[in-house]
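Fold and geometry: a report
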Amino acid sequence: MTKQLFSAKFRAHTNIALIKYWGKRNKELFLPVTNSLSLTLDAFYTDTEVEFDTSLTSDVFYLDGVLQNDFHTAKVSRFLDLFRKEANRPNLFATVRSINHVPTAAGLASSASAFAALAGACNLALDLAIDTQTLSTFARQGSGSASRSLLGGFVEWHKGQGDDSASSYAEVFDDADWDLAMVFVIINRQAKKVDSRLGMEHTNETSPFYELWPREVAKDLEKIKPAIKAHDIDTVGTIAEHNAMKMHAMTIAANPSFTYWEPGSIEAMQIVRRLREEGISAYLTMDAGPNVKVLCRASEAERVKAAFVSRFGEEQIVIAKPGPNAYPLDKE
Ligand code: 2P0
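Residues numbered from 1 in each chain as written. Predicted model: local features only at pLDDT ≥ 70, side-chain atom pairs only at ≥ 80, totals over all residues. Heavy atoms only, no water.

The secondary structure content of the chain amounts to 8 helices and 14 strands. Computed over C-alpha atoms, the radius of gyration of the chain comes to 20 Å, within 12% of the 20 Å expected from 2.2 N^0.38 for 332 residues, which places it in the range of a compact globule. Projected onto the principal axes, the alpha-carbon positions of the chain cover approximately 70 × 40 × 40 Å. Per-residue burial for the chain yields a buried fraction of 56% across its 332 residues. Of the contacts formed within the chain by residues at least 6 apart in sequence, a portion of 77% connects residues at least 24 apart. A total of about 14,600 Å² of accessible surface is found on the chain, and carbon and sulfur atoms cover 50% of it. When the 36 positive and 42 negative side-chain charges of the chain are each reduced to one mean point, those points stand 3 Å apart. (Helix = DSSP H or I, 4+ residues; strand = E, 2+ residues; numbered from the N terminus. Rg over C-alpha atoms; globule rule 2.2 N^0.38 Å. Buried < 20%, exposed > 50% of the residue type's maximum accessible area, 1.4 Å probe, protein only. Contact = heavy atoms within 4.5 Å. Areas by Shrake-Rupley, 256 points an atom, 1.4 Å probe, with all protein chains shown as cover. Lys, Arg positive; Asp, Glu negative; His and termini not counted. Charge placed at Lys NZ, Arg CZ, Asp CG, Glu CD.)

With that settled, the discussion passes to the sheet that holds strand β13 (residues 317–320). Within the open sheet, the 4 strands sit side by side as β11-β12-β10-β13. Their pairing is antiparallel. Strands at the two margins of the open sheet, each flanked by one partner only, are β11 (282–286) and β13. Strand-to-strand twist in this sheet, taken as the mean axis angle between neighbours without regard to direction, amounts to 25 degrees. One ladder, built from 4 bridges, connects strand β10 (residues 181–185) with β13; its direction is antiparallel. Paired with Met182 across the two strands is Ala320, which belongs to β13. Where helix α7 (residues 263–277) meets the sheet, its contacts fall on β10, β11 and β12 (292–296), and the angle it forms with β11 comes to roughly 160 degrees. Along the sheet face, helix α8 (residues 301–312) touches β10, β12 and β13 and points at about 165 degrees away from the line of β13. (Pairing = 2+ DSSP bridges. Axes fitted to C-alpha atoms, helices over the stretch in contact; angles between N-to-C directions.)

The next subject is the domain arrangement of the chain. Buried accessible area, meaning the area lost when the parts come together, often serves as the stated size of an interface. Considered domain by domain, the chain is made up of domain 1 (5–177) and domain 2 (181–320). Taking only C-alpha atoms into account, the centre of domain 1 sits 24 Å from that of domain 2. Each partner contributes residues to the interface: domain 1 has 31 residues there, and domain 2 has 44 residues. Both faces considered, domain 1 and domain 2 share a buried interface measuring about 3,100 Å² in area, 71% of it formed by carbon and sulfur atoms. Our count for the domain 1 to domain 2 interface comes out at 5 salt bridges. A salt bridge links Glu205 to Lys27; its shortest N-O distance comes to 4.0 Å. For the interface between domain 1 and domain 2, the tally reads 10 residue pairs in polar contact (both at pLDDT 80 or more). Listed by contribution, the elements that provide at least two residues to the side of domain 1 that touches domain 2 are β1 (5–19), β4 (36–53), β8 (154–157) and β9 (170–174). At 6 residues, β4 tops the list of elements feeding residues into the side of domain 1 that touches domain 2. Classifying every residue of the side of domain 1 that touches domain 2 by side-chain character gives 19 nonpolar, 6 polar and 6 charged. (Domains from an automatic or database assignment. Buried area = accessible area lost by both parts, 1.4 Å probe. Salt bridge = Lys/Arg side-chain N within 4 Å of Asp/Glu carboxyl O. Polar contact = N/O pair within 3.5 Å; in protein donor to acceptor, adjacent residues only side chain to side chain. Nonpolar A, V, L, I, M, F, W, Y, C, P; charged D, E, K, R; others polar.)

Looking at the element boundaries, Thr203 is found in helix α4 (residues 196–206). On the accessibility criterion, Thr203 (0% relative accessible area) is buried. There is a polar contact of 2.6 Å between the side chain of Thr203 and the backbone oxygen of Gly199. Setting aside residues up to four positions removed in sequence, Thr203 forms contacts with Trp22, Tyr210, Met250, Thr251, Ala254 and Phe258.

Quick look at the pattern of salt bridges now. Oppositely charged side chains can form a pair if their charged atoms are brought close together. Evaluated as defined, the whole model comprises 21 salt bridges. Salt-bridge contacts for Arg11 lead to Asp47; the nearest nitrogen and oxygen are separated by 2.7 Å. Placement of the pair is Arg11 in strand β1 and Asp47 in strand β4, with a sequence separation of 36 residues. A relative accessible area of 17% means that Arg11 is categorised as buried. Owing to a relative accessible area of 7%, Asp47 belongs among the buried residues under this scheme. A salt bridge links Asp81 to Arg84, with the nearest nitrogen and oxygen atoms 2.9 Å apart. Placement of both Asp81 and Arg84 in helix α1 (residues 70–87) is noted, with a separation of 3 residues, approximately one turn of the helix. Classification of Asp81 as partly exposed rests on a relative accessible area of 39%. The buried category is assigned to Arg84, whose relative accessible area is 3%. Through salt bridges with shared partners, a single network forms among Arg215, Glu216, Lys219, Asp220 and Lys246.

Next up, the structure:
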């Protein structure tokens with residue numbers, strides 16, 4: 001029998017949460033404890049090509065041109081299974097070629113953009129016509145934050161109800177078409193010491209502060225939403241910074257304690273505070289690593305960048321603007 005190929009290529013951008021996702025209520029389905037709200041960014045993205053091939057007997061995965069080992073390929077295979085099931089083609093294997101586009105100095109790879117791009121590519125290649133809301137529930141099962149990377153601007157990921165996968169989806173909250181930027185301060189390019197999946201599980205299970213987290217997130221969301229709609233960067237930034245600090249405070253109170261902060265992170269925080277004293281609207285957030293991201297006005301982003309360059313170096317500072325929805329690309 002002649003072999004048949006079904007292929008497509010997709011681009012998805014990374015996102016940074018202003019109200020964080022930190023904990024699952026269902027690990028198998030990646031159902032979160034709380035809603036979360038992020039900003040999709042233009043500076044970092046993943047391009048992924050998938051080629052389903054009737055002659056293959058197993059999946060093959062290349063990342064940045066390098067053939068990946070069984071462990072990494074198995075993660076991709078589990079994700080492809082969702083689409084094989086949907087297409088009713090359990091034995092249709094694929095070659096996946098994924099390229100992370102990040103400024104070379106950054107060394108930031110993102111599972112959010114990676115699984116969002118792969119979800120978009122699979123949907124198109126297999127002609128499944130899954131709508132974006134439903135597709136976000138697929139992306140979520142690769143990595144929780146990937147649910148938010150299918151969409152541009154400010155995106156809310158709803159926690160949903162019970163064990164109902166379909167109710168835990170992402171949708172656009174605001175198109176972010178206003179004077180807004182995020183300046184990335186790249187502190188360290190090494191792989192993170194505590195991966196986010198283990199870090200959130202450990203925090204959830206051992207931090208006495210975790211029981212406060214769902215209530216705090218609900219309050220922060222209620223306050224940040226009208227501020228986003230009002231384009232009030234100072235209120236948005238103040239709430240986002242406090243939300244990030246509460247997440248990181250929970251990790252310090254975990255048992256054993258851990259933190260993603262490094263000395264450079266704290267220096268960057270001091271620079272953010274100094275910028276505010278100088279009248280610049282600059283607010284920080286941090287994720288499962290030492291890098292500091294600074295929310296500011298696009299019109300003041302160069303000035304914010306300059307404040308970090310003397311300490312960290314030009315190539316360690318990247319200005320990002322709000323990014324678009326994930327979209328299909330022409331195949332090479
Ligand atoms: C977020 N983070 O909302 C939070 C804040 C990091 C800190 O989502 O286990 O890679 O694959 O669902 O999405 C990073 O965790 O975790 C993350 P899994 P994920 O962006």
